[in-house]
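# Results of the structural survey
Chain residues, written in single-letter form:
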Amino acid sequence: MTGALTDEQRRAIEWDCARLIHLYAQLNDAARWSEVAALYAPDGSMTRPTAPDAPVIGREAILAAFQARPPRTTRHVCANVVIDVESPSRAQGNSAMLLFTSAAAPPLVGGFEDRFVLTDAGWRFAERRGTLTF
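Per chain, residues are indexed from 1 in the order of the written sequence. Totals for whole chains, interfaces and linings use all residues, but because this is a predicted model, local features are given only for residues with pLDDT of at least 70 and pairs of side-chain atoms are given and counted only at 80 or more. With hydrogens and water excluded, all non-hydrogen atoms of the structure serve as input to the side-chain values.

### Examining the nonpolar core
Among buried residues, those of type Ala, Val, Leu, Ile, Met, Phe, Trp, Tyr and Cys that are joined through side-chain atoms within 4.5 Å constitute a nonpolar core. When a residue's accessible area, from a 1.4 Å probe over protein chains only, is under 20% of the maximum for its type it is buried; when over 50% it is exposed; and in between it is partly exposed. Counting residues in each nonpolar core, the largest one holds 26 residues, and the members touching the most others are Tyr 24, Met 46, Phe 116 and Phe 125. To qualify as a helix, a DSSP run of H or I must reach at least 4 residues; to qualify as a strand, a run of E must reach at least 2; elements of each kind are numbered from the N terminus. Residue assignment for this core shows that the elements contributing at least two residues are helix 1 (7–29), helix 2 (33–37), strand 1 (40–47), helix 3 (59–67), strand 3 (75–87) and strand 6 (122–132). Examining the composition of this core, we find that eight residues originate from one element, helix 1, more than from any other. Residues are treated as being in contact if the distance between any of their heavy atoms lies within 4.5 Å. Those residues within four positions of Tyr 24 in sequence are excluded, and the remaining contacts are Val 36, Leu 39, Tyr 40, Met 46, Phe 66, Phe 125 and Arg 128.

Pasting the structure below:
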């Protein structure tokens, strides 16, 4: 459905959405919760990999969910990012995720299925669904 877009426009959308995925990981690891929440559309939804049946809906609720977490040190590694452009204002994507939470605990392996929307503030997550593989 990208026929109305030039290759350059499609690649720019792919880049912006992939950057959003990587920025999310960096801000999350830095516990910069307000900035993480701002990566979502105002009515966006988030489903954590560890709670796939409990979506958090709305930017304010997403911020509150992150702020309620106990402090911890994490490192998210994102890979295999593939973005599919649906239109000039919509895209979807998948990525693999490796989460380290301590030297003593094994890493969590999973991924994200994302839907992106173009807003006045730029590309944002409309939906971010986390999954755990093992």
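More follows now that the structure is in view.
### With respect to the side chain of Thr 74
Within the secondary structure, Thr 74 sits in the loop between helix 3 and strand 3. In this structure Thr 74 comes out as buried when scored by relative accessible area, which is 7%. Within 3.5 Å is the distance limit for a polar contact, defined as a pair of N or O atoms, with the added protein rule that one can donate a hydrogen and the other accept it, and that residues adjacent in sequence qualify only through two side-chain atoms. At a separation of 2.7 Å, a polar atom in the side chain of Thr 74 contacts the side chain of Asp 29. Thr 74 has contacts with Asn 28, Asp 29, Leu 99, Phe 100 and Thr 101, leaving out every residue within four places of it along the chain.

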